Amino acid sequence: MKKINLLIVILAFLGIGEGRACTNFLVGKDASVDGSTFVTYNMDSYGMYGILRTWPAAHHEAGEVRHIVDTDHNHYRGAIPEVAETYSVIGQINEYQLTVTETTWGGREELVNPEGTIDYVSLMTLALQRAKTAREAIKVMTDLVAEYGYASSGETFSIADPNEIWIMEMIGKGAGRKGAVWVAIRIPDDCICAHANQSRIHQFDQKDKKNVLFSKDVISFAREMGYFSGKDADFSFSDAYSPTNFHMQRACEARVWSFFNKHVDGMDRYLDWADGKHVGTAEMMPLYFRPKHKLSLRDCMNGMRDHYEGTPFDMNVDCTGGAWQSPYRPRPQEWDVDGKTYYHERPIATQQSAETLVCQMRSWLPNAIGGVLWFGNDDAAMVCYTPVYCSATRIPRCYNSGDASDVNFSWNSAFWVCNWVSNMVYNLYSRMNPDLVRVREELQDKYCNAQEDVEKNALALLKGEPVEGLFEPTQRGNMGAREFLTRYGENCGLEMLARWKELGEFLVVKNTDLAVKQEKDGKFLINDDGLCMPPLREGYPEQYRRVIVNETGDKYLSPNQ
């Protein structure tokens, strides 16, 4: 049996190196409150400057080529022929409400093909540009890597449209061999699924041709490489191509467990699977579950904001969160003391998120209105999602301001303004976070509650009906509806950016010099002489005071007892 690349395994755990360390949740249409399908995505990668990219629809002449640049490394990989028509794409959703996202798990080093033409990010974009449905996207993706070669390591893809959600796992065949081995499974409509940087497809129904698709050599190739030697019926994709260990379970499967734990009864039975300390003996956590209740848009958003609160992995119950109980930990995730190795938890919401999104797709609405990309820059727990409709002809400028980069700050950039605020909050979390949550939820309530009326107006415009105060008659119909939704998305982004600047200013003023200015409902209290009330000097929280005493003994004990 060929060796497992421990370096790739560790890098995936730490969230650096090959690919991105991300999290996805998937919700079937019969598992949601209103019949929407949902796919969520935290795009986690240290050093990445997150922007919302767009590709307009286009028609291409015979002989045109598409140049492939590996997005993670900015490396040119080659060119492939263009197709006659490509569809409009905004981020991870296209004009037909098709969504494609991913998480990277790396897998076996020897299966990376350095000569492959198509990296995983380009593969997702090509699928969005060339497919209208999830099934079409799977065919586009697998056909492309078969013909031009797959350049990345192991990936799990979420592929969804308004009617179906699929999970597909793929890994290459190594140097000099085109194509990839892969399995795609349709998640039942009444179920939820999740993945987070570890292969989650184990055994699969090889006879269910309607809901299970796979490369014809997915098993035979594993036999050839020495990864599998049992009966075909016992074949596990994950065991063959991404053997697990403590890191993969605790840093990756624990995130999946935490999402399920909110919506599925009896998840304690899989704690041994999630904690990583029982590899080889723990009961395997299934790929998907039927939830105990139907999930809403807000459930999906809140799932991306999770820090294991209330679970055995809770990050706010000991001194590791510092004086103000922050659920954020500096990297590296593993660290040594006196020759022993320790680790930090890796939650769903994390500081290295460059962007976060919830894709909402609805079959009963026209595509122009049914598909919404709820988008945010930076850590999901620290931002408000704003709506960008899949038919928009422009995106909010703050999500791609043009005057910022990974090393250039701009007040026009949501990425930098949101990072400015969150990086203040991280270090004074228990003190500052309640103010951030208050503002975040005020805006989130506003945008979610407005959705029904906004879409009612867009539908009226789409039908050519007048909507008072919005547009002249010549601006009704499809273009009128699209322009209306475009402007609405722009206004939400503009409002969010302005409100976040105000939030940052408020936090600076309130928490100057490690004291806390007194305020009520976001307004600072002023005395009769026109000055602010004296700041509160609360010192360390009780929990951290005890840490100091335990660490220092009587060193700081006051003699005035």
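To be clear, the structure that these remarks concern was listed above.
Here the structure is a predicted model, which means the values were calculated and not measured. (Residues numbered from 1 in each chain as written. Predicted model: local features only at pLDDT ≥ 70, side-chain atom pairs only at ≥ 80, totals over all residues. Heavy atoms only, no water.)

Bringing the overall build of the chain into the picture now. Along its length, the chain carries 13 helices and 23 strands. Computed over C-alpha atoms, the radius of gyration of the chain comes to 25 Å, within 12% of the 24 Å expected from 2.2 N^0.38 for 561 residues, which places it in the range of a compact globule. Along the longest, intermediate and shortest principal axes, the C-alpha atoms of the chain span 80 × 70 × 45 Å. Excluding contacts between residues fewer than 6 apart, the proportion of contacts in the chain whose partners are at least 24 apart in sequence is 70%. In the form shown here, the chain has an accessible surface area of approximately 24,000 Å², with 51% of it arising from carbon and sulfur atoms. Separation of charge centres in the chain, based on 59 positive and 76 negative side chains, amounts to 2 Å. (Helix = DSSP H or I, 4+ residues; strand = E, 2+ residues; numbered from the N terminus. Rg over C-alpha atoms; globule rule 2.2 N^0.38 Å. Contact = heavy atoms within 4.5 Å. Areas by Shrake-Rupley, 256 points an atom, 1.4 Å probe, with all protein chains shown as cover. Lys, Arg positive; Asp, Glu negative; His and termini not counted. Charge placed at Lys NZ, Arg CZ, Asp CG, Glu CD.)

Further remarks concern unusual backbone geometry. That bond from Arg331 to Pro332 is cis: its omega, 15°, falls within 30 degrees of zero. Locating Pro332 in the fold gives a position in the loop between α8 (297-303) and β17 (334-337). At Asp378, a residue that is not glycine, the phi angle is positive and equals roughly 90°. Its place among the elements puts Asp378 in the loop between β20 (372-377) and β21 (386-389). Looking at Asp378, the relative accessible area reads 0%, which means it is buried. (Buried < 20%, exposed > 50% of the residue type's maximum accessible area, 1.4 Å probe, protein only.)

Here the focus is the environment of Ser152. By the secondary structure assignment, Ser152 is in the loop between α3 (134-148) and β11 (154-160). As a C-alpha pair, Ser152 and Phe235 span 83 residues in sequence and 23 Å in three-dimensional space. For Ser152, the side chain forms a polar contact with the main-chain nitrogen of Tyr120, separated by 2.9 Å. (Polar contact = N/O pair within 3.5 Å; in protein donor to acceptor, adjacent residues only side chain to side chain.)

Now for the nonpolar core. Within the largest apolar cluster, 130 residues are counted, with the highest numbers of intra-cluster contacts made by Phe235, Phe237, Tyr241, Phe260, Met496 and Trp500. Apart from residues lying up to four places away in sequence, Phe260 is in contact with Ile192, Cys193, Ala194, Arg200, Met267, Met285, Pro286, Leu287, Tyr288 and Phe289. Ranked by size, the runner-up nonpolar core spans 30 residues in total, among them Met124, Ala137, Leu144 and Ala184. (Core = buried A, V, L, I, M, F, W, Y, C linked by side-chain atoms within 4.5 Å.)

The next subject is the packing of aromatic side chains. Think of a pair of aromatic rings as described by two things: how far the centres are apart, and how the planes are tilted against each other in angle. In this structure the tally under the stated criterion is 27 aromatic pairs. Here Trp105 and Phe237 contribute two aromatic rings whose centre-to-centre distance is 6.2 Å and whose plane-to-plane angle is 85°, an arrangement assigned as edge-to-face. Of the two residues, Trp105 sits in strand β10 (residues 99-106) while Phe237 sits in helix α5 (residues 237-241), which places them 132 residues apart along the sequence. With respect to burial, Trp105 and Phe237 carry one shared label: buried. Look at Phe375 and Tyr399: their rings are 4.7 Å apart centre to centre, the planes differ by 70°, and that puts the pair in the edge-to-face class. Taken as a pair, Phe375 in strand β20 and Tyr399 in the loop between β21 and α10 (414-427) lie far apart in primary sequence, 24 residues in all. You'll find Phe375 and Tyr399 in the same group, each marked buried. An aromatic cluster is defined as three or more aromatic residues linked by ring pairs; in this entry it consists of Trp105, Phe204, Phe214, Tyr227, Phe228, Phe235, Phe237 and Tyr241. Note that Lys173 overlies the ring of Phe221, its terminal NZ or CZ placed 5.9 Å from the centroid. Residue placement shows Arg438 over the ring face of Phe506; its charged tip is 5.8 Å from the ring centre. (Phe/Tyr/Trp six-rings, centres within 6.5 Å; stacked < 30°, edge-to-face > 60°. Lys NZ or Arg CZ within 6 Å of the ring centre and 35° of its normal.)

Packing of α10 against helix α11 (residues 429-462) brings their axes to within 6 Å, and their N-to-C directions diverge by 140°. The angle between α10 and α11 places the two elements in the oblique class. Remark: the crossing between α10 and α11 carries left-handed chirality. Note on element contacts: α11 touches α10 through Tyr429, Met432, Asn433 and Leu436, opposite Val421, Met424, Val425, Tyr426 and Asn427. Residue composition of the contact of α10 with α11, grouped by class: 7 nonpolar, 2 polar and no charged. (Axes fitted to C-alpha atoms, helices over the stretch in contact; angles between N-to-C directions. Parallel < 35°, antiparallel > 145°, perpendicular 65-115°, else oblique. Left-handed = near helix turned anticlockwise from the far one by under 90°. Nonpolar A, V, L, I, M, F, W, Y, C, P; charged D, E, K, R; others polar.)

On the surface, Trp335, Val337 and Tyr342 cluster together to form a nonpolar patch covering roughly 250 Å² of accessible area. Relative to the helices and strands, Tyr342 resides in strand β18 (residues 340-343). (Patch = residues over 30% accessible without salt bridge, like charges linked within 9 Å, V, L, I, M, F, W, Y side chains within 5 Å. Salt bridge = Lys/Arg side-chain N within 4 Å of Asp/Glu carboxyl O.)

Moving on, we come to helix α2 (residues 120-130). Most of α2 sits out of view: 11 of its 11 residues are buried. Capping the start of α2, Asp119 holds a side-chain oxygen 3.2 Å from the backbone nitrogen of Val121, two or three residues further along.

Moving on: the pattern of salt bridges. Throughout the structure, instances matching the rule amount to 29 salt bridges. Across the pair Arg250 and Glu345 runs a salt bridge, and its minimum N-O distance is 2.7 Å. Of this pair, Arg250 sits in helix α6 (residues 246-263) while Glu345 sits in the loop between β18 and β19 (353-361), and the two are 95 residues apart along the sequence. The exposure class of Arg250 is buried, given its relative accessible area of 9%. One salt bridge in this structure joins Glu490 and Arg394, with 2.9 Å as the shortest N-O distance.

Looking now at the packing of α10 against helix α12 (residues 477-510). Think of two packed helices as two axes; the pair is described by the angle between the axes and how far apart they sit. Two elements in contact, α10 and α12, have axes separated by 10 Å at closest approach and are oriented at 30°. Accordingly, the angle class assigned to the pair α10 and α12 is roughly parallel. The crossing of α10 and α12 is left-handed. Facing α10, whose interface residues are Ala414, Val417, Cys418, Trp420, Val421, Met424 and Val425, α12 presents Met496, Leu497, Trp500, Lys501, Leu503, Gly504, Glu505, Leu507 and Val508. Within the contact of α10 with α12, the residues separate by chemical class into 13 nonpolar, 1 polar and 2 charged.

Next up on the list: the sheet that holds strand β16 (residues 288-289). An order of β16-β14-β1-β2-β19-β20-β21 is seen for the 7 strands of this open sheet, with the pairing classed as antiparallel. In this open sheet, the two edge strands, each paired with only one partner strand, are β16 and β21. The pairing of β19 with β20 spans 6 bridges and is classified as antiparallel. In the sheet register, Cys359 faces β20, and the bridge partner there is Leu373. (Pairing = 2+ DSSP bridges.)

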